[in-house]
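# Summary of the model geometry
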Amino acid sequence: MKKVFFIALLPPQTIQDSIMEIKQHCADVYQSKAALKSPPHITLQPPFAWETDAVPVLEESLKTFAKTRIPVSIILQGFGAFKPRVIYVNVLKTPELIAIQKDLMEYLEESLGIVHERSKNRSFSPHVTVAFRDLKRQNFRKAWIEFENQPLQFEFLASHLTLLLHDGRRWNVSVEFPFLI
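Residues numbered from 1 in each chain as written. Predicted model: local features only at pLDDT ≥ 70, side-chain atom pairs only at ≥ 80, totals over all residues. Heavy atoms only, no water.

## Some words on the sheet that holds strand β6 (residues 153-158)
Within the open sheet, the four strands sit side by side as β5-β4-β3-β6. Their pairing is antiparallel. Of all the strands in the sheet, the pair left with one neighbour each is β5 (127-131) and β6. Averaged over all adjacent pairs, the angle separating strand axes in this sheet is 35°, with direction ignored. Examined bridge by bridge, strand β3 (residues 72-82) and strand β4 (residues 86-91) share five bridges and lie antiparallel to one another. The residue of β4 that forms the bridge with phenylalanine 79 is valine 89. (Pairing = 2+ DSSP bridges. Helix = DSSP H or I, 4+ residues; strand = E, 2+ residues; numbered from the N terminus. Axes fitted to C-alpha atoms, helices over the stretch in contact; angles between N-to-C directions.)

## Section: the sheet that holds strand β2 (residues 42-51)
Pairing is antiparallel across the open sheet formed by four strands, whose spatial order is β2-β1-β7-β8. At either margin of the open sheet sits one strand with a lone partner, and together these are β2 and β8 (171-178). Here the average twist between neighbouring strands, direction ignored, is 25°. Bridge analysis of strand β7 (residues 160-166) against β8 gives seven bridges, and the strand direction is antiparallel. Paired with threonine 162 across the two strands is glutamate 176, which belongs to β8. Those strands touched by helix α2 (residues 55-66) are β1 (2-9), β2, β7 and β8, and its axis lies near 45° from that of β8. This element, helix α3 (residues 95-112), spans β1, β2 and β7 of the sheet and lies at about 15° to β2. (Contact = heavy atoms within 4.5 Å.)

## Things to note about the packing of helix α1 (residues 13-30) against helix α5 (residues 137-147)
Packing of α1 against α5 leaves a shortest axis separation of 11 Å and a crossing angle of 135°. On the basis of the axis angle, α1 is oblique to α5. Relative to α5, α1 is oriented so that their crossing is right-handed. On α5, the residues that touch Ile22, His25, Cys26 and Tyr30 of α1 are Asn139, Lys142, Ala143, Glu146 and Phe147. (Parallel < 35°, antiparallel > 145°, perpendicular 65-115°, else oblique. Left-handed = near helix turned anticlockwise from the far one by under 90°.)

## Describing α1
The end-to-end C-alpha distance of α1, which contains 18 residues, comes to 25 Å, matching closely the 26 Å that a straight helix rising 1.5 Å per residue would cover. The set of residues buried in α1 consists of Ile15, Gln16, Ile19, Ile22, Lys23, Cys26, Ala27 and Tyr30. Buried residues of α1, seen end-on, are gathered within an arc of 145° and therefore sit on one face of the element. Away from its buried face by more than 90 degrees, α1 exposes Thr14, Glu21 and Asp28. For α1, the secondary structure elements touched by its buried residues are β3, β5, α5 and β6. Positive phi shows up at glutamine 31, right after α1, with a value of about 55°. (Expected span 1.5 Å × (residues − 1). Buried < 20%, exposed > 50% of the residue type's maximum accessible area, 1.4 Å probe, protein only. Arc of directions from axis to C-beta.)

Here's what the structure looks like:
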C-alpha cells in the first residue's frame with residue numbers, strides 16, 4: 001500500500017498561526033477553503049507516493065540529508081499570485097533556499113528514485129499558499145485587490161525539514177528532521 005507525502009519547510013508556530021488566520025479569512029470571505037487542509041509551508045519536494053513498508057527508508061534518508069544542512073534564513077514579504085486561482089505569501093528567493101531545494105530534489109532522485117518531472121523542468125517559486133484550487137475567478141479578483149499591496153513581513157530560521165503525510169482529507173506533519181546546528 002502507498003501513502004502520499006511531501007517535504008517542506010515550516011515556519012515557527014507563531015508565524016503559522018498568523019498565516020492560518022489569513023487562510024481562514026480567505027475561506028470565510030472568498031469561499032476558498034482548500035488551503036486550510038495543510039499547515040503553512042514552503043514546499044521543497046511536491047507530493048509523491050511511497051510504499052508504507054518503506055517509510056523507514058524514506059525517513060532515514062531524510063534524516064541523513066538534514067544532518068548535512070545548516071538552518072536556512074527565510075523571509076516572507078508581502079503577497080503574490082499565480083493568476084487566476086492562487087494567492088500566496090511571497091517567499092524571498094535567497095541563494096540558500098534555492099540551494100537546499102535543488103540539493104534535496106537531486107538527493108531524493110539519486111538515493112530513492114523520487115522525481116517530480118514538472119518541478120524538475122521549471123524554476124523553483126517558493127511561496128506559502130493562502131488560497132487556491134477552490135478560489136473562483138471572480139473571488140480571486142476581489143481577494144487580489146485586498147492582498148496585492150497589503151504589507152506582511154516575517155523572518156525566521158528554518159531549522160528542520162518536515163515530512164508531511166496525507167490522511168485522505170488533509171496534510172499532517174509526520175516527522176521533522178533537524179538540520180545541523
